[in-house]
Amino acid sequence: MDLFSLTKEQLADFLKKSSEKPFRAKQIFEWIYQKKVASFDDMTNLSKEFRDFLKKEIQFSSIKLKNIVPSKDEQTYKYIWELEDGHFIESVLIFSGIRRTVCISAQVGCKGGCVFCASGKEGFIRNLKTSEIVEQIVNIDRILFQKEERISNVVFMGMGEPLDNFDAVFASIQIVNDEEGLNISQRKITISTVGLVDKISNLLNSDKNNFSLKVNLTLSLHAPNQKIRESILPFAKKNNFSELINIMKEYYVRTKRDITFEYILIDGVNDQLAHAKELARVLSLSFKDKGHANVNLIPYNPVLGVNLRRPKKEAVDAFFEELEREGIKVSQRYAKGSDIAAACGQLAFLNKNKETD
Ligand code: SAH
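Bear in mind that the values here come from a model prediction, so they are computed numbers and not experimental data.

### So, the side chain of R142
Position of R142 relative to the elements: it lies in helix α4 (residues 130–145). The buried charged residue R142 lacks any salt bridge, with E135 as its nearest oppositely charged partner at 7.1 Å. R142 has contacts with F4, K36, V37, A38 and F60, leaving out every residue within four places of it along the chain.

### A look at the sheet that holds strand β12 (residues 329–332)
Taken together, 10 strands build an open sheet; the order of strands is β1-β2-β3-β4-β7-β8-β9-β10-β11-β12 and the sheet is mixed. Strand pairing shows two members of the sheet lacking a second neighbour, β1 (63–70) and β12, which therefore form its edges. The mean inter-strand angle of the sheet, taken between neighbouring strand axes irrespective of direction, is 25°. Here seven bridges tie β1 to strand β2 (residues 76–83), and the two strands are oriented antiparallel to one another. Looking at β2, one finds that K64 is bridged to E82. Along the sheet, α4 makes contact with β1, β2, β3 (88–96), β4 (99–103) and β7 (153–156), crossing β3 at roughly 45°. Each of β10 (259–265), β11 (293–299) and β12 touches helix α10 (residues 313–325); the most contacted strand, β12, lies at about 160° to it.

### Quick notes on the packing of helix α8 (residues 241–255) against helix α9 (residues 273–286)
Running from amino to carboxyl end, α8 crosses α9 at an angle of 50°, the nearest separation of the two axes being 10 Å. Considering the angle they form, α8 stands oblique to α9. Remark: the crossing between α8 and α9 carries right-handed chirality. Residues F241, I245 and K249 of α8 pack against V282, L283 and S286 of α9.

Conventions we followed
Residues numbered from 1 in each chain as written. Predicted model: local features only at pLDDT ≥ 70, side-chain atom pairs only at ≥ 80, totals over all residues. Heavy atoms only, no water. Helix = DSSP H or I, 4+ residues; strand = E, 2+ residues; numbered from the N terminus. Buried < 20%, exposed > 50% of the residue type's maximum accessible area, 1.4 Å probe, protein only. Lys, Arg positive; Asp, Glu negative; His and termini not counted. Salt bridge = Lys/Arg side-chain N within 4 Å of Asp/Glu carboxyl O. Contact = heavy atoms within 4.5 Å. Pairing = 2+ DSSP bridges. Axes fitted to C-alpha atoms, helices over the stretch in contact; angles between N-to-C directions. Parallel < 35°, antiparallel > 145°, perpendicular 65-115°, else oblique. Left-handed = near helix turned anticlockwise from the far one by under 90°.

So, in structure tokens, the structure goes:
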């Protein structure tokens, strides 16, 4: 059993079944999530016998920090973790104003097969366990804590498809949202998805033990129509374009949370003014109140071995302005961390046979 896989209630249940005091779950949560200790032995208000019992029954950590790579401007840090089976995953910490955003992985590899993304190039290996997700956040938070800082935002935009690992992602959000956990509000948590319609519906009906998910949702749309979407995102063949827009609209209506459409701009593929107009039309038709359908433009970040180009700045600006003219709320994501291959789409896993150091 992994410590960071357990909700407070699960930990209390386990203690009760082991004839221990269930309220100790709260104390343990405070030790690990608020005082940020890194071992059972640091939990000094617990008796030695109880700590020994915990050590015997529960594994404290399941990922190991291998390396931290800072970007030149020291605004972005890539964390490389080794898993127990020898695979490596990555998370990225981004400093932006007062925000400390951690971008985390949900799977080793990815099934998406998006032509522009490094994460799926080596295929799919496995889902991450809840603890492997939570520990990416907790371990980085512990490092920030030493500088009297803390993580403010969590985005599931690292490697893998979070909705394809629904249960572990659900549990990890419940854990970091807990008031005695990291107490990160769901408003500060974002899931980005390639567009699993049935899983988005599951999000809407995700009530489990009085906890339901109400996070910000981002769809990797990347095209103004089904045809272009399928050409760069093979996974898109499995879902229908308008069905996707509709489920996003439903998500907004029912949760009142921000929804965002991510749109990678790729030279000559989806970056023409006609595409901007088509996108604006699609969103205007579905969202009467266009202010709630944000478009986030991401100029393509280069990925080794991929023969695509980022559009010129003028093309990006023109696309941006066209959407704005049509009344769409649009923003542009700047590639943070591209010098350390930590920008969107550049995260990849190394497998144990490929480790070079
Ligand atoms: N599987 C989820 C989570 C990954 S999020 C999803 O598809 O949304 C990673 C984000 O970075 C996605 O919007 C993805 O489409 C985008 N991305 C991937 N490769 C990229 C690249 N080379 N340049 C810019 N953005 C990229």
